[in-house]
Amino acid sequence: MKPILRLDGICKNFGGVVAAKDVTFSVLPGEVHGLIGPNGAGKSTLMNIISGIYTADKGSVFLDEKDITQVPPYTRARMGIGRTFQVPRFLQRSNIRDNLLLGTDLGNQMGYLNSFLRKKGTDFDAELQELLEIAKISFDWSNDISGLPFGKLKLLEIVRSMLGHPRVMLVDEPAAGLNNKEIEYAMDLLHLASKKRGIGVLLIEHSMDMIMDICEDIVVLNFGEVIATGGPEAIASNQLVIEAYLGGEQDD
Amino acid sequence: MKRKFSPEAIVLVSLLVLFIIITPRVLSGYSMNVVNIALMFAIVAYGISVMLGMGGQLTFAAVSFMGGGAYFMANMCTDRLGINMPTLPALLLTPVVFAGIAFVIGLLLLKLSGTYFTFSTIALVQVTYAFYNNYKPLFGGADGISGIPTLNLFGYKFTSYNTWFYVLIFLVIIVAVIVELIRDSQLGRSLAAIRDNETAALTMGINVYMTKVIAFTIAGALAAFGGALWCMHGRFVGSDMFNYLNAAQFIIMAMLGGVNNTVGIFVGALLVKVLPEILRSLQSYMQLIWGFFIILLMVFMPTGLAGLYEQIKANIKHKLQKKREGAGQ
Amino acid sequence: MDFRLFCTLALNGIAMGVVYAMLAMGLILLIRAVGVMNFAQGDLLMFGAYVTSSLILDFELPLYLMIPVSFICFVVIGLVFMFTIYWPLRKASYPAATIIATMGASIILKELATLIWGALPRSLPPIITDANGKPGILYIGGIPLQWQYVLTIIVGAILIFLIHMLFEKLYVGKMMQAACQDSYAANLMGVPAIATISATYIIVVCLASVGGFMIAPIYMVRNTLGTLQLRAFAGVVIGGFGNIKGAIIGSLIVGLVEVFSTVFLSGYKDVTVFMLIILFLLIRPQGLFGGKIADKA
Ligand SMILES: Nc1ncnc2c1ncn2[C@@H]1O[C@H](COP(=O)(O)OP(=O)(O)O)[C@@H](O)[C@H]1O
Ligand SMILES: [Mg+2]
């Protein structure tokens with residue numbers, strides 16, 4: 001199978017800090033690909049490079065074998081790179097509906113004029129209903145988004161990303177700050193995304209249970225370098241990985 | 001959606017109808033003039049609402065475009081340059097021309113962001129004001145341009161302020177509806193995204209730069225339209241209107257009513273023009289009170305009167321809910 | 001242009017530049033300390049000009065009494081300004097709110113001045129006059145230079161230098177800056193943020209007011225002096241936001257450009273000054289000395 005996302009020799013320095021050094025790996029459609037490593041290993045930086053917020057010093061990013069290294073971030077999003085953030089980013093002064101509609105706007109790509117003229121797009125309400133049932137979220141529509149608890153926000157950000165019909169989803173630490181039930185719902189969402197919709201998911205997560213549970217393939221970063229790749233079992237028993245984690249944070 | 005027929009909307013529409021029926025019957029001459037000017041200012045303020053309220057971009061440029069529209073109109077319809085267009089086509093042409101000009105200026109200035117952008121708009125105001133105030137061939141210099149014909153609608157001439165009122169309120173409603181439609185469309189949501197977080201907006205597929213330019217274009221076109229109306233209504237255009245102080249005044253006007261609220265903008269414009277007239281006896285203190293009022297508002301309710309209203313509504317709703325819960329137990 | 005005219009103009013330009021620099025420096029101190037762009041900066045200058053001139057004209061205080069009394073006034077103004085315009089708004093959710101509040105302050109200062117001192121401009125005699133009460137002239141190599149401009153440059157330069165030293169070189173100043181930027185760390189160090197921010201506001205008011213006092217004999221004391229702040233903005237932009245050295249040089253450039261273009265372009269002098277800003281913003285938005293700041297995603 002052709003990879004949907006491929007990184008080739010990505011390098012990135014911040015001043016003296018090496019955040020990525022010759023990183024190469026690829027994500028297949030329909031697979032959940034884990035990206036793990038100690039704090040500061042360069043995981044979020046890599047996502048920023050894939051979504052185009054940072055430009056890599058060297059190396060290329062391919063989406064569906066098309067080189068998108070020079071493509072601006074908003075075009076990458078329209079081409080099908082969806083993402084969530086470590087700390088959810090919603091419109092604080094808007095209601096929940098408007099926040100989620102941004103996802104549908106991205107999926108529809110009808111342009112400002114058509115939208116102004118009220119052209120019909122995909123059925124927002126039906127699609128959202130389906131996702132919310134999986135995420136087990138219900139709330140008062142008219143409320144401000146700022147009133148929602150952190151866990152719901154993190155789930156909603158995945159929902160919003162899926163409303164945009166991406167081909168690749170970059171999901172940054174979805175389980176951080178969620179309770180056990182919510183982690184389950186997040187996994188259900190990612191399962192739907194990858195298995196039913198064929199989206200390639202790149203998942204950053206510190207919860208090893210989650211990673212071992214749903215990832216087919218895993219990349220391990222340390223100090224910006226790939227130190228191991230492979231399936232869950234191989235990674236769990238990899239000496240380099242164990243050392244990296246023990247050398248970094250002991251109580252993770 | 002259901003909120004379109006909420007009791008709130010019905011009350012608003014009824015109030016508006018009353019306003020339209022009563023105002024021209026009780027007012028005339030000078031006082032009517034004041035209300036009309038407030039309506040034209042509201043059109044300009046709606047442009048600021050799109051930029052600042054929806055998109056979070058603080059711009060002073062409204063007066064530059066308002067002046068542009070006014071002088072354009074004056075030159076097209078007074079035979080000064082040998083052009084003698086009928087007023088209606090000239091009026092309709094103005095926002096189109098200035099949308100184009102605003103688009104080009106927006107392309108340049110919006111390469112800057114945040115405070116840099118705001119400063120560039122202040123500079124723009126200073127430059128345009130210097131030209132409006134000095135360059136006689138196009139702007140009449142400090143004397144301005146007088147003898148501008150009034151609006152002529154298929155043979156009907158609007159010679160009294162009271163008849164003008166109907167035209168203006170009609171146009172304000174159209175503009176308000178357009179702004180409300182923008183808010184509830186992809187453009188409105190994209191602007192809101194930019195206002196809250198540009199990086200996140202980019203990852204949601206929003207072309208941040210172009211979206212801001214479009215908002216700037218809309219604001220420029222609305223300001224120019226307001227300016228064209230203003231010069232026809234007063235039959236005169238002078239440079240005083242288009243200086244930095246008035247630019248600040250427009251921003252304050254928008255913030256006062258609620259910069260991100262369509263009804264709020266309308267109320268804000270009326271207040272800014274009408275309140276000083278009502279409180280004439282306090283004249284010498286009026287500006288002072290005004291200044292204090294602005295600060296108090298920013299401290300306690302930065303979302304303006306509309307925000308105040310929303311907050312009161314939310315409080316009442318909250319209390320009712322508590323009561324119901326209390327009764328249920 | 002003959003050499004004498006050139007010298008006179010250059011002197012005027014530098015003197016105005018120094019006054020703009022005093023405003024600009026205050027702007028930057030505030031941006032650094034509390035992150036607020038102050039749109040009442042010019043009105044502080046205007047108010048300071050009224051206060052000082054009133055002490056001289058109405059209370060007939062001699063200079064040695066006028067200076068301490070006006071300093072007390074500036075302290076009061078600074079504290080009132082900070083506790084009304086900044087402190088209640090420091091956690092405002094709408095960033096534009098703090099800016100609009102300073103616009104409100106601008107209106108208040110202007111109206112207060114009009115209510116207290118009347119709408120007509122007041123004239124303040126220059127500090128150094130000749131035997132007939134005319135502005136004193138300093139002759140250097142046969143070139144006549146007005147004392148008031150020379151004094152403006154000297155006083156302004158000394159003040160700017162001292163404050164620059166305070167913030168950039170002295171431990172206290174560095175502590176103050178740190179305190180403003182990171183109140184948590186500052187409170188750990190035992191410096192309450194409120195004290196350092198108050199001190200910053202007082203310094204800013206002093207800078208602006210002294211500028212107002214120095215140019216009062218040149219421009220007359222009038223309630224429209226506030227518009228001078230637009231030129232200080234220009235200086236800040238040219239120098240690069242947050243950079244004091246840059247803002248000083250930028251302000252001097254603005255003063256000189258303005259004075260020389262007045263000669264050639266009279267009504268259009270604003271066009272040159274502000275086109276310069278637009279060009280600067282487009283070609284070099286970080287200013288002469290500024291660096292770029294990136295958003296961390
Ligand atoms: N915008 C930036 N400027 C400077 N350094 C950065 C920036 N973004 C990330 N870094 C640095 O790059 C390294 C990797 O950070 P990050 O990608 O956030 O790590 P992770 O997500 O794996 O915890 C860290 O040392 C971090 O400080
Ligand atoms: Mg991270």
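Residues numbered from 1 in each chain as written. Chains lettered and ligands numbered in written order. Predicted model: local features only at pLDDT ≥ 70, side-chain atom pairs only at ≥ 80, totals over all residues. Heavy atoms only, no water.

What's the story with the pattern of salt bridges in this structure? I'm lost.
Applying the stated rule across the entire model yields 15 salt bridges over all chains. Across the pair Lys12 of chain A and Asp57 of chain A runs a salt bridge, and its minimum N-O distance is 3.9 Å. One end of the pair, Lys12 of chain A, is in strand β1 (residues 5-14); the other, Asp57 of chain A, is in the loop between α1 (43-51) and β4 (58-63), and 45 residues separate them in sequence. Using a relative accessible area of 10% as the deciding quantity, one classes Lys12 of chain A as buried. The closest approach of N and O atoms between Lys212 of chain B and Glu198 of chain B, which form a salt bridge, is 3.0 Å. Within this pair, whereas Lys212 of chain B is found in helix α10 (residues 208-234), its partner Glu198 of chain B is found in helix α9 (residues 198-203), the two being separated by 14 residues in sequence. (Salt bridge = Lys/Arg side-chain N within 4 Å of Asp/Glu carboxyl O. Helix = DSSP H or I, 4+ residues; strand = E, 2+ residues; numbered from the N terminus. Buried < 20%, exposed > 50% of the residue type's maximum accessible area, 1.4 Å probe, protein only.)

Please explain the pairing of strand β10 (residues 225-230) of chain A as it appears in this structure.
Put simply, side chains in a regular strand alternate between the two faces of the sheet. All names here are of chain A. With five bridges connecting them, strand β9 (residues 217-222) and β10 associate as antiparallel partners. In the sheet register, Ile218 faces β10, and the bridge partner there is Gly230. Hairpin connection of β9 to β10: two residues between the antiparallel strands, including Phe223 at a positive phi of 45 degrees. (Pairing = 2+ DSSP bridges.)

What is the right way to look at the interface of chain B and chain C in this model?
As a measure of interface size, the accessible area lost when the parts come together is often cited. Taken together, the 43 residues of chain B in the interface contact 40 residues of chain C. Interface of chain B and chain C: buried area, both sides summed, is about 3600 Å²; carbon and sulfur atoms make up 82% of it. Its largest share of buried area at the contact with chain C, chain B owes to Tyr116, Phe119 and Ile295 of chain B, together 18% of the area lost on that side. Applying the counting rule to chain B against chain C returns zero salt bridges. Inspection of the region where chain B meets chain C yields zero residue pairs in polar contact (both at pLDDT 80 or more). (Contact = heavy atoms within 4.5 Å. Buried area = accessible area lost by both parts, 1.4 Å probe. Polar contact = N/O pair within 3.5 Å; in protein donor to acceptor, adjacent residues only side chain to side chain.)

Just to check I follow, could you spell out the confidence of the model for chain A for this structure?
Predicted coordinates in regions of low pLDDT should not be interpreted in detail. Residues at a pLDDT of 70 or more form 97% of chain A, whose mean pLDDT is 88. Across chain A, element-level confidence peaks in β4 of chain A with a mean pLDDT of 95 and bottoms out in helix α10 (residues 239-247) of chain A with 77. (pLDDT = per-residue confidence, 0-100.)

Could you clarify how one ought to interpret unusual backbone geometry in this entry?
Trans is the common state for peptide bonds, and a negative phi is the common state for residues other than glycine. Residue and element names in this part refer to chain A. With a phi angle near 55 degrees, Asp64 is a residue other than glycine that sits in the positive phi range. If you trace the backbone, Asp64 turns up in the loop between β4 and β5 (66-67). The backbone of Glu65 shows a phi angle near 65 degrees, a positive value even though the residue is not glycine.

I tried to follow the site of ligand 1 on my own but got confused; where do I start?
As a matter of local geometry, ligand 1 sits amid twelve residues, with Gly40, Gly42, Lys43, Ser44 and Thr45 of chain A nearest to it. Two or more chains meet at ligand 1, and those chains are chains A and C. The backbone of Ala41 of chain A places a nitrogen or oxygen atom 3.3 Å from an oxygen atom of ligand 1. Separating a nitrogen atom of ligand 1 from a side-chain N or O atom of Tyr54 of chain A is a distance of 3.0 Å. Here ligand 1 loses 73% of its free accessible area of 560 Å² to cover by the protein chains. Looking at the shell around ligand 1, the element that brings in the most residues is α1 of chain A, giving three residues. Considering only residue class, the shell around ligand 1 consists of five nonpolar, five polar and two charged. (Near = heavy atom within 4 Å. Areas by Shrake-Rupley, 256 points an atom, 1.4 Å probe, with all protein chains shown as cover. Nonpolar A, V, L, I, M, F, W, Y, C, P; charged D, E, K, R; others polar.)

I would appreciate a short explanation of the coordination of the magnesium ion (ligand 2) in the present structure.
Put simply, a metal with four donors set out as a tetrahedron has ideal angles of 109.5 degrees, and one with six donors set out as an octahedron has ideal angles of 90 or 180 degrees. The protein atoms that coordinate the magnesium ion (ligand 2) are Ser44 of chain A (OG) and Gln86 of chain A (OE1), at distances of 2.1 to 2.4 Å. Of this pair, Ser44 of chain A sits in helix α1 while Gln86 of chain A is found in the loop between β6 (81-83) and α3 (96-108), placing the two residues 42 residues apart along the sequence. (Donors = N, O, S within 2.8 Å, 3.2 Å for Na, K, Ca; no water.)

Please clarify how the packing of aromatic side chains should be interpreted in this entry.
Ring pairs (aromatic) are described by centroid distance and by the angle formed between their planes. Evaluation of the coordinates by the stated rule reveals 29 aromatic pairs over all chains. Between the aromatic rings of Tyr86 of chain C and Trp87 of chain C, the centroid separation amounts to 6.2 Å while the plane-to-plane angle is 70 degrees, which identifies the pairing as edge-to-face. By relative accessible area, which is 22% here, Trp87 of chain C ends up partly exposed. Through successive ring pairs, a cluster of aromatic residues spans Tyr71, Tyr132, Tyr135, Phe139, Trp230 and Phe242 of chain B. For the cation-ring pair, Arg6 of chain A lies above Phe62 of chain A, with the distance from its terminal atom to the ring centre recorded as 4.2 Å. (Phe/Tyr/Trp six-rings, centres within 6.5 Å; stacked < 30°, edge-to-face > 60°. Lys NZ or Arg CZ within 6 Å of the ring centre and 35° of its normal.)

Help me understand the interface of chain B and chain A in this model?
Taken together, the 26 residues of chain B in the interface contact 31 residues of chain A. When chain B packs against chain A, the two sides together hide about 2600 Å² of surface, and 59% of this comes from carbon and sulfur. Three residues, Gln186, Arg189 and Met204 of chain B, lead the burial of chain B against chain A; their summed loss comes to 28% of the area buried on that side. For Asp105 of chain A, the salt bridge goes to Arg189 of chain B, with nearest N and O atoms at 2.7 Å. Our enumeration of links across chain B and chain A arrives at seven residue pairs in polar contact (both at pLDDT 80 or more). Considering every element that reaches the side of chain B that touches chain A, the biggest residue donor is helix α8 (residues 186-196) of chain B, with eight residues.

Teacher, can you tell me more about the sheet that holds β5 of chain A here?
Pairing between the strands of a sheet comes from backbone hydrogen bonds, and it takes one of two forms, parallel or antiparallel. Residues and elements named next belong to chain A. The strand order across the open sheet built from four strands is β2-β1-β4-β5, with neighbouring strands paired in antiparallel fashion. Of all strands in the sheet, those bounded by a partner on one side alone are β2 (17-27) and β5. Of the pairings in the sheet, the one linking β1 to β2 comprises seven bridges and is antiparallel in character. From the neighbouring strand, Lys12 faces β2, where its bridge partner is Ala20. Against the sheet, α1 contacts β1, β2 and β4, and its axis sits at roughly 115 degrees relative to β1. (Axes fitted to C-alpha atoms, helices over the stretch in contact; angles between N-to-C directions.)

I would appreciate a short explanation of helix α8 (residues 193-219) of chain C in the present structure.
Residue and element names in this part refer to chain C. For α8, with 27 residues, the first-to-last C-alpha span of 38 Å sits near the 39 Å given by 1.5 Å per residue. A bend of about 30 degrees at Phe213 is the largest found in α8, and the proline Pro217 appears one to four places after it. In terms of burial, α8 is a largely internal element, 20 of the 27 residues being buried. The first or second residue beyond α8 is Met220, which carries a positive phi of 70 degrees. (Expected span 1.5 Å × (residues − 1). Bend = angle between axes of the 7 residues up to and from the residue.)

Would you mind going over the nonpolar core with me for this structure?
Burial of nonpolar side chains together is a common tendency in soluble globular proteins. In terms of nonpolar packing, the biggest core is built from 211 residues, with Phe60, Trp230, Val237 and Phe242 of chain B touching the most fellow members. Element by element, the count of residues in this core is highest for helix α1 (residues 3-34) of chain C, at 18 residues. Residues contacting Phe242 of chain B, with those up to four places away along its chain left out, are Val63, Met66, Gly67, Ala70, Tyr71, Val125, Tyr129, Tyr132, Trp230 and Val237 of chain B. In this structure, Leu178, Met187, Ile235 and Tyr245 of chain A belong to the second largest nonpolar core, which totals 48 residues. (Core = buried A, V, L, I, M, F, W, Y, C linked by side-chain atoms within 4.5 Å.)

What should I look at first to understand the side chain of His164 of chain C in this one?
With respect to the element layout, His164 of chain C can be found in helix α5 (residues 147-168). Sequence-distant contacts of His164 of chain C, defined by excluding residues within four places in its chain, comprise Met25, Lys169, Ile244 and Lys245 of chain C.

Sorry if this is basic, but what is going on with the environment of Asp196 of chain B here?
Checked against the element boundaries, Asp196 of chain B lands in helix α8. Sequence-wise, Asp196 of chain B and Gly56 of chain B are 140 residues apart; in three dimensions their C-alpha atoms are separated by 7.9 Å. Each residue touching Asp196 of chain B, except ones within four places of it in the same chain, is listed here: Phe90, Leu91, Gln92 and Arg93 of chain A. There is a polar contact of 3.4 Å between the side chain of Asp196 of chain B and the side chain of Arg195 of chain B.

Just checking my understanding: could you explain the confidence of the model for chain C for this structure?
Residue and element names in this part refer to chain C. For chain C, the mean per-residue pLDDT works out to 84, and 87% of the residues sit at or above 70. Per-element confidence in chain C is highest for helix α2 (residues 41-57), whose mean pLDDT is 93, and lowest for helix α7 (residues 183-189), whose mean pLDDT is 58. Within the model, the stretch residues 292-297 combines pLDDT values under 50 with nine contacts to residues more than four positions away or in other chains. Across the interface, the model reports ipTM at 0.87; the global pTM reads 0.88.

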